[in-house]
Protein chains: 2
Amino acid sequence: MTPIFKKGYYFYVDGNVHIKRVTLREVAKAAGVSINTASRALNDKPAVSPYTKARVLEAAQRLGYRPNRLARALRYNKTRTLGVIVGDIANPYFSMLVRGVEQTAREFDYSVILQGTDEDLEREKEAIEVALAEQVDGILITPTQRSEEAIRTLFDSGTPFILMSRHFHDLETHYVIMDDQRGGFIATEHLIQRGHERIAILNGPIHISSAAERYAGYMEALQQYGLDVDDGLVIKGCLTMEDGYRAALSLIDGPNRPTAIFAFSDFVALGVFRAANELGIVIPDELAVVGFDNTIFGLCTRPPLSSVGGSPEELGKTAARFLLELLTGKRPNTVTRVKLPVYLVQRGST
Amino acid sequence: MTPIFKKGYYFYVDGNVHIKRVTLREVAKAAGVSINTASRALNDKPAVSPYTKARVLEAAQRLGYRPNRLARALRYNKTRTLGVIVGDIANPYFSMLVRGVEQTAREFDYSVILQGTDEDLEREKEAIEVALAEQVDGILITPTQRSEEAIRTLFDSGTPFILMSRHFHDLETHYVIMDDQRGGFIATEHLIQRGHERIAILNGPIHISSAAERYAGYMEALQQYGLDVDDGLVIKGCLTMEDGYRAALSLIDGPNRPTAIFAFSDFVALGVFRAANELGIVIPDELAVVGFDNTIFGLCTRPPLSSVGGSPEELGKTAARFLLELLTGKRPNTVTRVKLPVYLVQRGST
DNA sequence: TTGTATGCGTTATCAA
DNA sequence: TTGATAACGCATACAA
């Protein structure tokens, strides 16, 4: 072992930063008591005299003692940490979701380890492995759904988890999702009632349950109102603004232009606005647009964006609360399947 | 100790979920070797026969062994975890920043513990305490700057940290920021060159360095071009779209309306667009707008938003990389102060 | 009321 | 090549 030397701010050992931290042992020594007396004093346990307690607390304060959550976690076999795995951290939908999760976790005094998958199966598997290796107490995940494999691994690990926003039909797991089919239906119905007959859907990747179900709702509405289905108006795989932009460009330039677009998300809808702006298409006169998620971004387009709501932040909070209740035994351990209601918010874009 | 019982999916002990995890000891027993032979085999250490190694690996595979990062962290006094503390997780600027951080951390095989402060000092202090208690190896933070107190505590802890996007004048810390003064200058200069003389600034809270410096740049440009300063055109405290919306409403309705607005961020600028839309103000004819950060959201407004760039994702990546290099001794431990260049992207809004 | 001893899962030292 | 043992920081059963 090479000797410890100081170099600028930090201590380095073998070229690695070494942080000197105050331990319980040092506090105990400083207060002149045993290590466990110190432990009891700091944790408000009974059987410690006021005088001793005061001395310990003073010493802890003076030395800047901070309990090591790691050691505690190892002792309790509990980390008070949640693994959170989402598709894309920078996507407004997910960042609002994460915000809700983090807020609720904090209320329960839990930490959040965040990972993004970019909707890639390998990344998803890695993220799950990392979360499990970190010994998280529970996992909240929006599965890529490219395969059930990753989630089966997660299931087999025995670590409690809840799916967010998406679910599997043939896998019995906890989940919190939106009522996507209903959402697809009311968005499409609204467009039909506004007089549209050529309604395109810029859908997400169809292996994702929310996309599949919104598509089902879309089809349901078309059928119910006796409209023909045109496969040329069904676009799949849109997740980002860029995706929406490209898809809208090709639709508008295409042979049979739609008069209305139902977008997978407000984010995708923003891409539609961008395309319409560039091509000089007037919304809603020449093209009506409905988004999904009712995010605040829909308020700043011109005209403002009609959207199917549903607050992602609320979904995150709900999922986190359910998971934490599950972890603390406050929630009966039957399968929790929650479908949050959706509603249509009409604004200028339709 | 009440007995362990199964209830639905998980094991519960004393009403708490108990996850059964495979330990090294069990792998060793299954392979018929000692615990440290197993450890050496799994970690590709020398001095272990091929035959033994194969047996251990097989056992680990079969039992589904996953190394416990916690125990390893305790042993090494290193968690391979970064604490990331930002103002608002759902703010597009921060979510892109976090995306960059997470990506770089992953490349270094580090995890990220994310916390938001909502720009509140108490929350910031708590977040720092939590990160330190989690024994993170380093911290990336956008300080609220409501006081130096929190950062001083962080400094005293000895845990390496880098400020992102903001910095203190009288605190010598590592930081990675944008060239905010230059950004403020070129945004204002651009508006002046477009013929504007009544230029409002919807600035962030002035205790935040980026806001203070953009303001300095704004003033510098006004002075350089011989324009008068009107305090009524200087609005402070705008961070969200909602803030931008309200400020823009009051400015437009006010006694001496500006002909141009320089917004603290694209996010704030979106609020300006919302206000303009509602009031029927035509951008850029009646009101020119420049944002900051050059996010993709500026592409979907009508007209598209001119903005001062600077990629937040790149800033996050840079800060994370510097911190990780610092932690691994790959970077000399002198104070790292980085000012990322900015440039103006002109679009339809000016 | 206080202290001693043990274990959580892992890795490192050292002896066999 | 392998194994017994100690240590990381903390909490607790148990003894004093």
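Values in this document were obtained by computation on a predicted structure and should not be read as measured data.

Calculation rules
Residues numbered from 1 in each chain as written. Chains lettered and ligands numbered in written order. Predicted model: local features only at pLDDT ≥ 70, side-chain atom pairs only at ≥ 80, totals over all residues. Heavy atoms only, no water. Buried < 20%, exposed > 50% of the residue type's maximum accessible area, 1.4 Å probe, protein only. Helix = DSSP H or I, 4+ residues; strand = E, 2+ residues; numbered from the N terminus. Pairing = 2+ DSSP bridges. Contact = heavy atoms within 4.5 Å. Buried area = accessible area lost by both parts, 1.4 Å probe. Salt bridge = Lys/Arg side-chain N within 4 Å of Asp/Glu carboxyl O. Polar contact = N/O pair within 3.5 Å; in protein donor to acceptor, adjacent residues only side chain to side chain. Nonpolar A, V, L, I, M, F, W, Y, C, P; charged D, E, K, R; others polar. Axes fitted to C-alpha atoms, helices over the stretch in contact; angles between N-to-C directions.

1. Here we look at the pairing of strand 9 (residues 199-202) of chain B
Residue and element names in this part refer to chain B.
- On strand 9, burial covers both faces: Ile199 and Ile201 on one face and Ala200 and Leu202 on the other are all buried.
- Bridging between strand 9 and strand 11 (residues 260-263) involves four bridges; their strand directions are parallel. Among the inter-strand pairings, Leu202 is bridged to a residue of strand 11, identified as Ala263.
- In the sheet, strand 9 pairs with strand 10 (residues 234-235) via two bridges, with the strands oriented parallel. When the bridges of strand 10 are listed, Ile201 appears paired with Val234.

2. As for the interface of chain B and chain A
- Taken together, the 80 residues of chain B in the interface contact 80 residues of chain A.
- Together chain B and chain A conceal approximately 7200 Å² of surface at their shared face, both sides included; 53% is due to carbon and sulfur atoms.
- At the boundary of chain B with chain A, the tally comes to eight salt bridges.
- At the junction of chain B with chain A, the criterion picks out 25 residue pairs in polar contact (both at pLDDT 80 or more).
- Ranked by residues supplied to the side of chain B that touches chain A, first place goes to helix 5 (residues 92-107) of chain B with seven residues.
- For the side of chain B that touches chain A, a count of residues per class yields 37 nonpolar, 24 polar and 19 charged.

3. Description of the sheet that holds strand 10 (residues 234-235) of chain A
Residues and elements named next belong to chain A.
- Judged by pairing direction, the sheet is mixed, and its six strands sit side by side in the order 10-9-11-12-13-15 without closing on themselves. Each edge of the sheet is formed by a strand with only one pairing partner; in this case those strands are strand 10 and strand 15 (343-345).
- The strands touched by helix 11 (residues 266-279) within the sheet are strand 9 (199-202), strand 11 (260-263), strand 12 (288-292) and strand 13 (306-309), with strand 12 carrying the most contacts at an inclination of about 155 degrees.

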